[in-house]
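# Observations on the three-dimensional arrangement
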Amino acid sequence: MTIARVETIEESKAISRLAVQVFGPVSWLIVPGKPKWAYHAKDENGELLGGLILKKLGEGVGVVEWIFVAKAGRGQGLGPKLLDVGVQALE
């Protein structure tokens, strides 16, 4: 499993689609369509398993806005790993 920063528009859209799958169809109203600061987790086959969306609030200030794991990625400790990446990114 790899966790990496979202770098392309395609990755950004894919992470948003996964968030909508995890949270349900109405969540597209609150999940950003193109997150500017996000990370994704993929398995060894490149399947998207989870994501983390951060939001910058000001100079040197930000928050973890969304963290989510697909059913296929649950039970592997992926949530805490994504959270650790987010905290490190915020620091």
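Let us look at the structure shown here. In every chain, residue numbers begin from 1 and rise along the written sequence. Where local features are concerned, this predicted model is filtered to residues with pLDDT of at least 70; where side-chain atom pairs are given and counted, the filter is 80 or more; whole-chain, interface and lining totals use all residues. Neither water nor hydrogens contribute to the side-chain values; these are computed over all heavy atoms in the structure.

Assigned secondary structure in the protein consists of 2 helices and 4 strands. N-terminal to C-terminal, the α/β element order of the protein is β-α-β-β-β-α. To get the radius of gyration, use the C-alpha atoms; to get the globule rule, take the number of residues to the power 0.38 and multiply by 2.2 Å. Scaling as 2.2 N^0.38, a compact globule of 91 residues should have a C-alpha radius of gyration of about 12 Å, and the protein matches this with 12 Å. Reported as C-alpha extents along the three principal axes, the dimensions of the protein are approximately 35 × 25 × 20 Å. Using a 1.4 Å probe on the protein chains alone, a residue whose accessible area is under 20% of its type maximum counts as buried, one over 50% counts as exposed, and one in between counts as partly exposed. By the burial criterion, 34% of the 91 residues in the protein qualify as buried. For the protein, contacts bridging at least 24 residues in sequence account for 49% of all contacts bridging at least 6. Per-residue and other accessible areas were derived by the Shrake-Rupley procedure at a 1.4 Å probe size, with only the shown protein chains allowed to occlude residues. Element-wise, carbon and sulfur atoms account for 55% of the exposed surface of the protein, whose accessible area totals about 5600 Å². Each charge class in the protein can be summarised by its mean position, and for the 11 positive and 10 negative side chains these summaries are 7 Å apart. Secondary structure counts use DSSP, requiring at least four H or I residues in a row for a helix and at least two E residues in a row for a strand, with both numbered from the N terminus. By definition, residues are in contact when any of their heavy atoms lie within 4.5 Å. Only four residue types enter the charge count, namely Lys and Arg as positive and Asp and Glu as negative; His and the chain termini do not. The location of each charge is read from NZ of Lys, CZ of Arg, CG of Asp or CD of Glu.

The next thing to look at is the pairing of strand β3 (residues 48-58). When DSSP finds two or more bridges between a pair of strands, those strands are recorded as paired. Both strand β2 (residues 38-42) and β3 contribute to a ladder of 5 bridges, which runs antiparallel. In the strand pairing of β3, Ala41 is matched with Gly50. Inspection of the sheet shows β3 paired to strand β4 (residues 61-69) by 8 bridges, in the antiparallel sense. Within the sheet, the bridge partner assigned to Gly51 lies in β4 and is Phe68. The antiparallel pairing of β3 with β4 creates a hairpin that spans 2 residues between the two strands, and Gly60 there sits at a positive phi of about 75°.

Turning our attention to the sheet that holds β2. The 4 strands are arranged β1-β2-β3-β4 in an open sheet whose pairing can be described as antiparallel. With partners counted over all chains shown, the strands left at the sheet margins are β1 (2-5) and β4, one partner each. With direction set aside, neighbouring strand axes in the sheet form an average angle of 20°. The axes are straight lines fitted to the C-alpha atoms, using for helices just the contacting stretch, and the angles between their N-to-C directions are given from 0 to 180°. Helix-sheet contacts for helix α2 (residues 78-90) involve β1, β2, β3 and β4, and the interaxial angle to β4 is about 165°.

Moving on, we come to the packing of aromatic side chains. For Phe, Tyr and Trp, where Trp contributes only its six-membered ring, two rings pair if their centres lie within 6.5 Å, and the inter-plane angle classes them as stacked under 30 degrees, edge-to-face over 60, or tilted in between. Within the structure shown, the criterion is met by 2 aromatic pairs. Note on Phe23 and Trp66: the rings are 4.9 Å apart at their centroids and 55° apart in plane angle, and the pair reads as tilted. Of the two residues, Phe23 is situated in helix α1 (residues 9-23) and Trp66 in strand β4; the sequence distance between them amounts to 43 residues. Overall, the relative accessible area of 38% leaves Phe23 in the partly exposed class. By relative accessible area, Trp66 is classed as buried at 16%. Aromatic side chains Phe23 and Phe68 sit 5.9 Å apart centroid to centroid with 75° between the ring planes, which places their arrangement in the edge-to-face category. Linking Phe23 in helix α1 with Phe68 in strand β4, this pair joins segments that are 45 residues apart in sequence. A network of ring pairs unites the aromatic residues Phe23, Trp66 and Phe68 as a single cluster.

Functional significance is not addressed by these values, which are geometric in nature.
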